[in-house]
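Coordinate inspection notes
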Amino acid sequence: MAPWNGPNKLFFVNKKLQLGGACCVPQLAGAIIGKAGSRIRQVREESGARVTIDEALPGSTDRIIHITGTPEQIQSAQFMMQNK
């Protein structure tokens, strides 16, 4: 797996499995989800990727974002989440 690091983010892309993931703080998760899920729905529709966000694990506030799709879909979803 090849990691991609950014502020409060760590993405892993495995070309064979076509998965991506990120760890984010609660405030970022809220911004990605958007009001009533509007933002995450837009990212899913425009990128074509499947995007899910886990609840924080016990003892942690960080949430894991999972991105599934082609490498292009994953890249598009990552770009959209980072630039809005």
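That block above? That's the structure.
The sections below set out a description of the structure shown in this document. Per chain, the residues get numbers from 1 upward, laid out in the order the sequence is written. pLDDT decides what is reported in this predicted model: residues at 70 or higher carry local features, side-chain atom pairs at 80 or more are listed and counted, and totals for whole chains, interfaces and linings draw on all residues regardless. Computation of side-chain values: all heavy atoms of the structure, hydrogens and water removed.

Attention now moves to the nonpolar core. Within soluble globular proteins, side chains that are nonpolar tend to cluster in buried spots. Working definition of a nonpolar core: buried Ala, Val, Leu, Ile, Met, Phe, Trp, Tyr and Cys residues. They are joined through side-chain atoms within 4.5 Å. Exposure is judged per residue with a 1.4 Å probe applied to protein chains only, and the accessible area is read against the type maximum: over 50% gives exposed, under 20% gives buried, and values in between give partly exposed. Counting 14 residues, the largest nonpolar core has Val-43, Val-51, Ile-53, Ile-65, Ile-67, Ala-77 and Met-81 as its most contacted members. Among the elements of the structure, α1 (26–33), α2 (38–47), β4 (50–53), β5 (63–68) and α3 (71–82) are those that each provide at least two residues to this core. By definition in these notes, contact holds between two residues if any of their heavy atoms fall within 4.5 Å. Those residues in contact with Val-43 that lie beyond four places of it in its chain are Gly-48, Val-51, Ala-77, Met-80 and Met-81. Only DSSP runs of H or I covering at least 4 residues are called helices, and only runs of E covering at least 2 are called strands; the numbering of each starts at the N terminus.

Another point: the packing of α1 against α2. Axis definition: a line fit to C-alpha positions, over the contact stretch in the case of helices; interaxial angles, taken between N-to-C directions, run 0 to 180 degrees. At a minimum axis distance of 5 Å, the contact between α1 and α2 shows a crossing angle of 65 degrees. One element, α1, and the other, α2, form an angle in the roughly perpendicular class. From α1, Ala-31, Ile-32 and Ile-33 reach across to α2, where they touch Ser-38, Arg-39 and Ile-40. Class assignment for the residues of the contact of α1 with α2 results in four nonpolar, one polar and one charged. Each angle receives one of four descriptions, namely roughly parallel if under 35 degrees, roughly antiparallel if over 145, roughly perpendicular if within 65 to 115, and oblique otherwise. Polar here means any residue outside two lists: the nonpolar Ala, Val, Leu, Ile, Met, Phe, Trp, Tyr, Cys and Pro, and the charged Asp, Glu, Lys and Arg; Gly therefore counts as polar.

Burial along β4 is one-sided: Val-51 and Ile-53 are buried, while Arg-50 and Thr-52, pointing the other way, are not. Strand pairing requires that DSSP identify at least two bridges connecting the strands. Pairing between β4 and β5: four bridges, direction antiparallel. Note on β5: the bridge partner recorded for Val-51 is Ile-67.

The next subject is the packing of α2 against α3. Where α2 meets α3, the closest approach of the two axes is 9 Å, and the angle between their N-to-C directions is 145 degrees. Considering only the axes of α2 and α3, their crossing is right-handed. Contact with α2, carried on its side by Arg-39, Gln-42, Val-43, Glu-46 and Ser-47, involves Gln-73, Ser-76, Ala-77, Met-80 and Met-81 of α3 and no other residues of that element. A class-by-class count of the residues in the contact of α2 with α3 yields four nonpolar, four polar and two charged. Take the far helix as your reference; a near helix turned counterclockwise from it by less than a right angle gives a left-handed crossing, and one turned clockwise gives a right-handed crossing.

Salt bridge, as applied in this entry: a Lys or Arg side-chain nitrogen positioned within 4 Å of an Asp or Glu carboxyl oxygen. Tallied over the entire structure, the rule returns one salt bridge. The partner of Arg-63 in a salt bridge is Glu-55, with the nearest N and O atoms 3.4 Å apart.

Those residues of α2 lying buried are Arg-39, Ile-40, Val-43 and Ser-47. Seen from one end, α2 has its buried residues packed into an arc of 100 degrees, which puts them on one side. Those residues of α2 that are buried are in contact with α1, β4 and α3. The directions from the helix axis to the C-beta atoms are what the arc is built from.

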